[in-house]
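# Coordinates in review
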Amino acid sequence: MIKAGIHHNDILIIDRSLKPVHGKIVIASLNGEFTVKRISMVQGKIQLMAENDAYPPLDITEEVDLRIWGVVTHVIHPL
């Protein structure tokens with residue numbers, strides 16, 4: 001999530017009460033594995049987008065077990 005200003009060892013604050021809408025950064029469980037991605041919802045198609053050119057978008061299909069844990073609201077960088 002380099003392009004979003006989120007780096008290794010940062011602390012993320014999430015709000016579980018916020019609705020995960022297009023363009024927001026979310027904490028998600030994808031087939032049981034946690035990930036931080038930007039959610040894209042366009043014309044009924046859902047993708048999880050990395051903010052790093054080294055990783056392709058992840059298409060969310062019926063076969064994928066996706067659970068959104070919360071929407072990222074703040075990032076804390078260690079000194």
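In short, a report on the structure. All of these numbers come straight from a predicted model, not from anything done at the bench.

## Concerning the sheet that holds strand β3 (residues 33-42)
Read from one edge of the open sheet, 6 strands run β1-β6-β2-β3-β4-β5, paired in antiparallel fashion. Edge strands, defined here as strands with exactly one partner in the open sheet, are β1 (11-15) and β5 (58-60). Across the sheet, the mean angle from the axis of one strand to that of its neighbour is 45°, orientation sign disregarded. For β3 and strand β4 (residues 45-49), the ladder comprises 5 bridges, and the chain directions are antiparallel. Bridging from a neighbouring strand, Val-42 pairs with Lys-45 of β4.

## What about the environment of Val-26?
Assignment of secondary structure puts Val-26 in strand β2 (residues 25-30). Not counting residues up to four positions away in its chain, the partners in contact with Val-26 are Pro-20, Thr-35, Val-36, Lys-37, Ile-39, Leu-48, Ile-68, Gly-70, Val-71 and Val-72.

## Points about the nonpolar core
The tendency in soluble globular proteins is for nonpolar side chains to be buried as a group. Val-26, Ala-28, Leu-30, Ile-39, Leu-48, Ile-60 and Val-71 form the largest nonpolar core, which has 7 residues in total. The element that contributes the greatest number of residues to this core is β2, accounting for 3 residues. If you look at the next biggest cluster of nonpolar residues, it comprises 5 residues, including Met-1, Ile-6, Ile-27 and Val-72.

## Some thoughts on unusual backbone geometry
Positive phi outside glycine occurs at Asn-9, with the angle close to 75°. Its place among the elements puts Asn-9 in the segment before β1. Within the chain, Gln-43 stands out as a residue other than glycine whose phi angle is a positive 50°. Summarising the element assignment, Gln-43 is placed in the loop between β3 and β4. When its relative accessible area of 82% is taken as the criterion, Gln-43 is described as exposed.

Quick notes on the rules
Residues numbered from 1 in each chain as written. Predicted model: local features only at pLDDT ≥ 70, side-chain atom pairs only at ≥ 80, totals over all residues. Heavy atoms only, no water. Pairing = 2+ DSSP bridges. Helix = DSSP H or I, 4+ residues; strand = E, 2+ residues; numbered from the N terminus. Axes fitted to C-alpha atoms, helices over the stretch in contact; angles between N-to-C directions. Contact = heavy atoms within 4.5 Å. Core = buried A, V, L, I, M, F, W, Y, C linked by side-chain atoms within 4.5 Å. Buried < 20%, exposed > 50% of the residue type's maximum accessible area, 1.4 Å probe, protein only.

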